[in-house]
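Here is what each chain is made of, one letter per residue.
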Amino acid sequence: MNKGAGLHHVTAVSGMPKENVAFYTQVLGLRMVKQTVNYDDPGTWHLYYGDGPANPGSILTFFPWTHVGPRRAGSGETGETWFQAPLASHAFWVERLTQAGVAFTQGERFGVPVMVFRDPHQMDLSIAFMGDEAASTPVWTSPVAQDMAISGFAGVTLHVARPDKTARWLTEAFGWHFVQEQDGRSRFSAGGNGLGQWIDLVASPLPMAQLGAGSVHHIAFRAGSDDAQAGMAEQLRALGIQTTEQKDRNYFRSVYCREPSGIIVEIATDQPGFDVDEPLAEIGKSLKLPPWLEPHRADIVAALPPLV
Ligand code: ZN
């Protein structure tokens, strides 16, 4: 079992890419760690943000679908994506989001202070203030000082039709465990102490969500190796859940399934990582294409909307 591995990445849908880039790099201070295209739809950007070294558990990626309508909230979708930042950075983030004109609410969940807000395309976000762990050593210059910076994900909230079924899937196939329940929210932990260790399940009586701008397209769990990934896929099939064959995503290798309420969930390997096609100091600065798309670079570039 893959104990403590947690989340690898979260992939969401945005509107115009330049608003997305400005918000995540300038307001939240994340590093752009890869500029590429959607391998299944090369006319669309696939933009990746993360911490300095692009560690699994910090990677938030977007498909900017410029003509997409707004999402419709419902069941079978990932709701909030939560970042984590040091407890001592709370006042800093209140000031920073206020200055940036980002509306937010504040609260506490299971004793952890949180700020809840949305990105420019209505994606649900929060920052959980916990511990004193600073972000990884930067290999770039962020507009946010390292001791205040977002270090990666704390977790995600899943809105599901049948939390009991999702709980079984999460615990039996992935080795997560139940922690506590409060206000209709059940918290599960991957059991480690790295990034992306929490998932909250919330029962949703609503019809299936409709994908649009601000939706999370899928979430991905980490696999420490191809063997660990194969083991999780086997567990899933033992539970009667179909899995895809392994796909090469250039920076990781992926197997996909659906959570019992329909949420797309990927299992992504840590290998080979984001410095496979450019040095760590340079990642995210220019468009990288996989070998099979490189011959079409000129046409692809001509079709992509600007990032700045
Ligand atoms: Zn993915």
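Structural data are supplied above this passage.
Just so we're clear, the structure is a prediction, and the values are computed from it rather than from any experiment. (Residues numbered from 1 in each chain as written. Predicted model: local features only at pLDDT ≥ 70, side-chain atom pairs only at ≥ 80, totals over all residues. Heavy atoms only, no water.)

Student: How would you explain the overall build of the protein if you had to name every residue and give the values?
Tutor: Of the regular secondary structure elements, the protein holds 5 helices and 16 strands. Taking 2.2 N^0.38 as the reference for a compact globule, 308 residues should give roughly 19 Å; the C-alpha atoms of the protein span a radius of gyration of 18 Å, in line with that estimate. Its C-alpha atoms give the protein principal-axis dimensions of about 50 × 45 × 35 Å. Counting the 308 residues in the protein, one finds 55% classified as buried. If the 23 positive side-chain charges of the protein are averaged to one point and the 32 negative ones to another, these points end up 3 Å apart. (Helix = DSSP H or I, 4+ residues; strand = E, 2+ residues; numbered from the N terminus. Rg over C-alpha atoms; globule rule 2.2 N^0.38 Å. Buried < 20%, exposed > 50% of the residue type's maximum accessible area, 1.4 Å probe, protein only. Lys, Arg positive; Asp, Glu negative; His and termini not counted. Charge placed at Lys NZ, Arg CZ, Asp CG, Glu CD.)

Student: How would you explain helix H4 (residues 226-238) if you had to name every residue and give the values?
Tutor: Taking 1.5 Å of rise per residue, 13 residues should cover 18 Å, and H4 covers 18 Å from first to last C-alpha, within 8% of that figure. Those residues of H4 lying buried are Gln-229, Met-232, Ala-233 and Leu-236. Take H4 and look down its axis: the buried residues cluster within an arc of 100°, on one side only. Counted as exposed and oriented over 90 degrees from the buried face of H4: Asp-227, Glu-234 and Ala-238. On its buried face, H4 is in contact with helix H3 (163-174), strand E13 (216-223), strand E15 (252-258) and strand E16 (264-272). (Expected span 1.5 Å × (residues − 1). Arc of directions from axis to C-beta. Contact = heavy atoms within 4.5 Å.)

Student: Account for the coordination of the zinc ion, with residues named and values stated.
Tutor: The protein atoms that coordinate the zinc ion are His-9 (NE2), His-218 (NE2) and Glu-266 (OE), at distances of 1.9 to 2.0 Å. On the primary sequence, the residues serving as donors to the zinc ion are separated as H-x208-H-x47-E. On the criterion of sequence distance, the pair formed by His-218 in strand E13 and Glu-266 in strand E16 is long-range, its members being 48 residues apart. Taking the relative accessible area as the measure of exposure, Glu-266 reaches 1% and is therefore buried. (Donors = N, O, S within 2.8 Å, 3.2 Å for Na, K, Ca; no water.)

Student: Just give me the short version of the packing of H3 against H4, but keep the residues and values in it.
Tutor: To characterise two packed helices, one gives the angle between the axes of the helices and the distance between these axes. Close contact between H3 and H4 brings their axes to 8 Å; oriented N to C, the two are set at 135°. Compared by their axis directions, H3 and H4 come out oblique. Note on packing geometry: the crossing formed by H3 with H4 is right-handed. Taking contact as the criterion, the partners of Trp-169, Glu-172, Ala-173 and Phe-174 in H3 are, on H4, Met-232, Gln-235 and Leu-236. Tallied by class, residues from the contact of H3 with H4 come to 5 nonpolar, 1 polar and 1 charged. (Axes fitted to C-alpha atoms, helices over the stretch in contact; angles between N-to-C directions. Parallel < 35°, antiparallel > 145°, perpendicular 65-115°, else oblique. Left-handed = near helix turned anticlockwise from the far one by under 90°. Nonpolar A, V, L, I, M, F, W, Y, C, P; charged D, E, K, R; others polar.)

Student: So what's going on with the sheet that holds strand E4 (residues 59-64)? Which residues, and what values?
Tutor: The strand order across the open sheet built from 8 strands is E2-E3-E4-E1-E13-E16-E15-E14, with neighbouring strands paired in mixed fashion. Each edge of the open sheet carries a strand with a single partner, namely strand E2 (31-38) and strand E14 (247-248). Contacts between helix H1 (residues 17-27) and the sheet are confined to strand E1 (7-14), E2, strand E3 (41-50) and E4, with E3 contributing the most and set at about 10° to the helix. (Pairing = 2+ DSSP bridges.)

Student: Please give an account of the sheet that holds strand E9 (residues 152-160) that cites residues and values.
Tutor: In a beta sheet, neighbouring strands are held together by backbone hydrogen bonds and run either parallel or antiparallel to one another. An order of E6-E7-E8-E5-E9-E12-E11-E10 is seen for the 8 strands of this open sheet, with the pairing classed as mixed. The open sheet has two edge strands, strand E6 (104-109) and strand E10 (177-182), and neither has a second partner. Ignoring which end each strand starts from, the neighbouring axes of this sheet average 25° apart. Contacts from H3 reach E9, E10, strand E11 (185-189) and strand E12 (198-203), with the element oriented near 160° to E12.

Student: So what about the environment of Val-37? Which residues, and what values?
Tutor: Structurally, Val-37 is set in strand E2. Spatially, the C-alpha atom of Val-37 lies 8.6 Å from that of Ile-300, the residues being 263 residues apart in sequence. Ignoring anything within four residues of it in the chain, the contact list for Val-37 reads Pro-42, Thr-44, Trp-45, His-46, Leu-287, Leu-289, Leu-293, Ile-300 and Leu-304.

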